Number of protein chains: 2
Amino acid sequence: MTQPRDGLVADIGEFGLIEELRPIFSQPDDVVVGPGDDAAVVKMAGGRCVVSTDLLLEGRHFRRDWSSAEDVGHKAAAANLSDINAMGGRGTSMVIGLGVPGSTPLEWVRDLARGFADETAEVGASVLGGDVSAADSVVLSVTVLGACEGEPVLRSGARPGDVVAVCGRLGWAAAGFHVLGRGFRSPRVVVEAHRRPEVPYDAGPEAASLGATALIDVSDGLLADLGHVARASGVGVDVRSDAFGLDEPLQAVGAALGVDPLAFVLTGGDDYALAATFAPDVRLPDRWRVVGAVGEGEGVTVDGEEYAESTGHQHFA
Amino acid sequence: MTQPRDGLVADIGEFGLIEELRPIFSQPDDVVVGPGDDAAVVKMAGGRCVVSTDLLLEGRHFRRDWSSAEDVGHKAAAANLSDINAMGGRGTSMVIGLGVPGSTPLEWVRDLARGFADETAEVGASVLGGDVSAADSVVLSVTVLGACEGEPVLRSGARPGDVVAVCGRLGWAAAGFHVLGRGFRSPRVVVEAHRRPEVPYDAGPEAASLGATALIDVSDGLLADLGHVARASGVGVDVRSDAFGLDEPLQAVGAALGVDPLAFVLTGGDDYALAATFAPDVRLPDRWRVVGAVGEGEGVTVDGEEYAESTGHQHFA
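Residues numbered from 1 in each chain as written. Chains lettered and ligands numbered in written order. Predicted model: local features only at pLDDT ≥ 70, side-chain atom pairs only at ≥ 80, totals over all residues. Heavy atoms only, no water.

Novice: Looking at this model, I keep getting lost on the domain arrangement of chain A. Mind explaining?
Specialist: Reports of interface size often rely on the accessible area that becomes lost once the parts have come together. Residues and elements named next belong to chain A. Each domain of chain A was delimited in the assignment, giving domain 1 (47-147) and domain 2 (155-306). Relative placement of domain 1 and domain 2: their C-alpha centres are 24 Å apart. Of the residues lining the interface, 22 residues belong to domain 1; the matching set on domain 2 comes to 22 residues. Both faces considered, domain 1 and domain 2 share a buried interface measuring about 1800 Å² in area, 51% of it formed by carbon and sulfur atoms. The three residues of domain 1 that bury the most area against domain 2 are Trp 66, Lys 75 and Asn 85, which together make up 40% of that side's buried surface. (Domains from an automatic or database assignment. Contact = heavy atoms within 4.5 Å. Buried area = accessible area lost by both parts, 1.4 Å probe.)

What follows is the structure, encoded as structure tokens:
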């Protein structure tokens, strides 16, 4: 196979690009048919398949001047694997649709594929194949398949009296996004958190085994996502503002930008932390932090009151 | 739920659009968790999952002025279900990514969803959910899951001495595409064939049960797709030009546009017919037509000679 160091996608065509990318994705034993046929075939233990899909568009969900190709691949894979995590499951397989301008350097596409391969490898999942097309800007569709050991944990099982707990970073990616938006590149840790989230992948199955009554990943922002849980469960959720540790980088960004760092924590998405509800007598491992409680009623409050910035993403607004 | 007859996508936002579309998709008994959670969960018999994904972009894969929204939904679903058909399997579930400009009428998006719902219902499959996003033009990603009763039929099993047979229409969609490209709207049957393919869904499992050695769906064009089979199987394929019935509409379009109608049959994609190879002693049902033979060597010939227009799609060229 040729690897033109400075070639463009347009130089090798659709089939050439597929051949170029295929060796980047290794195929484990549970793959019956890998890339290259009409469809892939994968073994699926337990008789059930968990599935989620995301569409990611350049300029809306990522920027090529803010993130490297590898970052984009990591984050796109992470966002989808996180959805399986949020069911208490584990991602096993992924298929990718890639639309890309012919003027795109091959190196960019290979790096993107490496990001996907590395992030899926973190959970032992594999990329089974996909579809490529010319496009005016980069378009990514990601579909992940996964498995649950037990019953999937839904958004709808929270009960009054339950505690609300979170696991993973909150607000870091949002702080990084705001820093980049102001034209800065530091603090580096939050910029990195925006580019490549650190998803607590094993915390989803852990929450399931701990008896979580509801589970969601924080992609729209904690209050917005707890709002989904409250609505689906027919309950109210109250969060205590003093329950969060305001990590030092968030305080630094807040001070520099004149923003309350708590806003990052409560409304920032894209860290792919988990939020779960548990029966009040649950004993949680250290990395889970109790931040609130479920009650009668509806909606999400902070210290008993409505929070001003709790809307989360509304892409068409 | 409100149904603003003349509303736009921008009026109701991302979550509103999801709520608008959800009731269009019914969920059969094998769906454990349908739309509305972090991921869907579906029962998957046989311990294996067949999966395929496609990315479809407005202006490249469909045109809103050439096809209705329902047509686009039907065809996008059909193209993916056909990939499962081409493994000898049957599609069971689908997830959809939809990028759409805020200025799009809600009615267009509802009709699109109805097209997806109706086409998937033809094989007893269901739409489990998806993702929506604002976009500059319509972007569709379609991922289909399916099941095979027996072993999947790959592209790589054709052996010298096998016969090559096809099932389904060939060239109709291409004739319709050329008619539309010249600004005409008739013959209506070929325009309709371009807009909404008639996929022989049960012929894939049938081919598998008849012992097909290789199987592919004709999406790039018969010669191009047989080329994939020849390459994967390490064989040559020869097609007999007199084996095809040149359907009357193809003759009419050929005469009107000054094109050899055989070119539509041999190089036209998007009808999602099936091409298969079988052992020479196979007894095929009537709808399968033997059109060639597998031999030693490589590549695809027509009446023993190279065919001038055998390149198929090359999207980046």
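Novice: What is the right way to look at the sheet that holds strand E4 (residues 90-100) of chain B in this model?
Specialist: Working definition: the strands of a sheet are paired by backbone hydrogen bonds and lie parallel or antiparallel to each other. Ordered by their spatial adjacency, 6 strands build an open sheet running E1(A)-E2(A)-E3(B)-E6(B)-E4(B)-E5(B), and the pairing between neighbours is mixed. Edge positions in the open sheet fall to strand E1 (31-33) of chain A together with strand E5 (126-134) of chain B, since each of these has one partner strand only. Geometrically, the sheet is characterised by an average inter-axis angle of 20° between neighbouring strands, direction not taken into account. Both strand E2 (residues 40-43) of chain A and strand E3 (residues 48-57) of chain B contribute to a ladder of 4 bridges, which runs antiparallel. Paired with Lys 43 of chain A across the two strands is Arg 48 of chain B, which belongs to E3 of chain B. Of the strands in this sheet, E4 and E5 of chain B are in contact with helix H1 (residues 9-21) of chain B, which crosses E5 of chain B at around 165°. Sheet strands in contact with helix H3 (residues 106-122) of chain B are E4, E5 and strand E6 (139-147) of chain B, and its direction is about 170° off that of E4 of chain B. (Pairing = 2+ DSSP bridges. Helix = DSSP H or I, 4+ residues; strand = E, 2+ residues; numbered from the N terminus. Axes fitted to C-alpha atoms, helices over the stretch in contact; angles between N-to-C directions.)

Novice: What exactly am I supposed to notice about the pattern of salt bridges here?
Specialist: Side-chain pairs of opposite charge can arise where the charged atoms are in close proximity. For the coordinates displayed, the defined rule picks out 40 salt bridges over all chains. The salt bridge involving Glu 151 of chain A is made with Arg 48 of chain A; its shortest N-O contact spans 3.3 Å. Taken as a pair, Glu 151 of chain A in the loop between strand E6 (139-147) and strand E7 (163-167) and Arg 48 of chain A in strand E3 (residues 48-57) lie far apart in primary sequence, 103 residues in all. Given a relative accessible area of 57%, Glu 151 of chain A falls into the exposed group. With its nearest N and O atoms 2.5 Å apart, the salt bridge here joins Glu 20 of chain B to Arg 110 of chain B. With Glu 20 of chain B in helix H1 and Arg 110 of chain B in helix H3, the pair connects residues that are 90 residues apart, well separated along the chain. (Salt bridge = Lys/Arg side-chain N within 4 Å of Asp/Glu carboxyl O. Buried < 20%, exposed > 50% of the residue type's maximum accessible area, 1.4 Å probe, protein only.)

Novice: Help me understand the side chain of Arg 195 of chain B, please; the structure alone is not making it clear to me.
Specialist: Residue and element names in this part refer to chain B. Here Arg 195 lies in helix H5 (residues 188-195). What makes Arg 195 buried here is its relative accessible area of 12%. One polar contact links the side chain of Arg 195 to the main-chain carbonyl oxygen of Trp 66, over a distance of 2.6 Å. Those residues in contact with Arg 195 that sit more than four places away from it in its chain are Trp 66, Ser 67, Asp 71, Lys 75, Leu 180, Arg 185 and Arg 188. (Polar contact = N/O pair within 3.5 Å; in protein donor to acceptor, adjacent residues only side chain to side chain.)

Novice: When you look at the confidence of the model for chain A in this model, what are you seeing that I'm missing?
Specialist: Where the model shows low pLDDT, its predicted coordinates should not be examined in detail. All names here are of chain A. On average, residues of chain A carry a pLDDT of 93, and 96% of them reach 70 or more. This stretch, residues 310-315, has a pLDDT under 50; its non-local contacts, to residues over four places away or in other chains, come to 16 contacts. Here the complex is predicted with pTM 0.92, and the ipTM for its interfaces comes to 0.91. (pLDDT = per-residue confidence, 0-100.)

Novice: How do you make sense of the interface of chain B and chain A when you look at a structure like this?
Specialist: At the junction of the two partners, chain B supplies 65 residues and chain A supplies 65 residues. Counting the surface lost from both chain B and chain A, the interface buries some 5100 Å², and carbon and sulfur atoms represent 62% of this. Here Asp 37 of chain A and Arg 155 of chain B are joined by a salt bridge, their closest N and O atoms 3.7 Å apart. For the interface between chain B and chain A, the tally reads 21 residue pairs in polar contact (both at pLDDT 80 or more). Element by element, the count of residues in the side of chain B that touches chain A is highest for E3 of chain B, at 9 residues. A class-by-class count of the residues in the side of chain B that touches chain A yields 35 nonpolar, 17 polar and 13 charged. (Nonpolar A, V, L, I, M, F, W, Y, C, P; charged D, E, K, R; others polar.)

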